[in-house]
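Here are the chains, one letter per residue:
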Amino acid sequence: MLPQIGDESHPLLGGINPYGDTVFNRIQMGRFLREWDAVSSKAVTTEERELVSKVGELALRGRSEVHLYIKFVGD
C-alpha cells in the first residue's frame, strides 16, 4: 500500500526506507496524516484496514502530544 520509494506525490511516505529505520516527528504529523489518509484508502482486507487505522491513531496522538514519534523499522 505504501508508495514507491522517491514518490514525489508522497514525500514522507515515499521516503520510508525498507532496509533502515524511518522516524516521523510531531512537526511532520500533519503531512504524514494527509498522505496516510490517501494510502489508507487502498486497504482491502480486514487486517490491512486495522493496520492503517492503528497507524493513523498513533499519528494523531503524535501530532497532539510531545515526545512521541512514529518509527518504521526496516529489515
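Structure: see above.
Residues numbered from 1 in each chain as written. Predicted model: local features only at pLDDT ≥ 70, side-chain atom pairs only at ≥ 80, totals over all residues. Heavy atoms only, no water.

Draft legend 1. Geometry of unusual backbone geometry. Here H67, not a glycine, exhibits a phi torsion of approximately 60°, which is positive. Tracing the sequence through the fold places H67 in the loop between α2 (46–64) and β2 (70–72). (Helix = DSSP H or I, 4+ residues; strand = E, 2+ residues; numbered from the N terminus.)

Draft legend 2. Structural context of the side chain of H10. Structurally, the position occupied by H10 is in the segment before β1 (22–24). A polar contact is formed between the side chain of H10 and the side chain of S9, at a distance of 3.1 Å. If sequence neighbours within four positions are ignored, H10 has contacts with P3, G15, E35 and A38. (Polar contact = N/O pair within 3.5 Å; in protein donor to acceptor, adjacent residues only side chain to side chain. Contact = heavy atoms within 4.5 Å.)

Draft legend 3. Representation of the nonpolar core within the structure. Among the nonpolar cores identified, the biggest contains 15 residues, and F24, F32, W36 and F72 are the most heavily contacted of them. Contributing elements (two or more residues each) for this core: α1 (29–40), α2 and β2. With 5 residues, the top contributor of residues to this core is α1. Those residues within four positions of W36 in sequence are excluded, and the remaining contacts are L2, L13, V52, V55, G56 and F72. (Core = buried A, V, L, I, M, F, W, Y, C linked by side-chain atoms within 4.5 Å. Buried < 20%, exposed > 50% of the residue type's maximum accessible area, 1.4 Å probe, protein only.)

Draft legend 4. Up close: the packing of α1 against α2. Between α1 and α2, whose axes approach to 10 Å, the crossing angle comes to 165°. Judged by the angle between their axes, α1 and α2 are roughly antiparallel. Note on packing geometry: the crossing formed by α1 with α2 is left-handed. Of the residues in α2, those in contact with M29, G30, F32, L33, W36 and S40 of α1 are V52, V55, G56, A59, L60, G62 and R63. Looking at side-chain class alone, the contact of α1 with α2 contains 8 nonpolar, 4 polar and 1 charged residues. (Axes fitted to C-alpha atoms, helices over the stretch in contact; angles between N-to-C directions. Parallel < 35°, antiparallel > 145°, perpendicular 65-115°, else oblique. Left-handed = near helix turned anticlockwise from the far one by under 90°. Nonpolar A, V, L, I, M, F, W, Y, C, P; charged D, E, K, R; others polar.)

Draft legend 5. Representation of the pattern of salt bridges in the model. Under the criterion given, the structure shown has 2 salt bridges. Across the pair K71 and D21 runs a salt bridge whose closest N-O atoms are separated by 3.6 Å. Separated by 50 residues along the polypeptide, K71 in strand β2 and D21 in the segment before β1 bring together distant segments of the chain. Among the salt bridges present, the one from E65 reaches R61, with a minimum N-O distance of 3.2 Å. On the basis of relative accessible area, E65 is assigned to the partly exposed category, the value being 32%. Accessibility expressed as a relative area gives 44% for R61, which makes it partly exposed. (Salt bridge = Lys/Arg side-chain N within 4 Å of Asp/Glu carboxyl O.)

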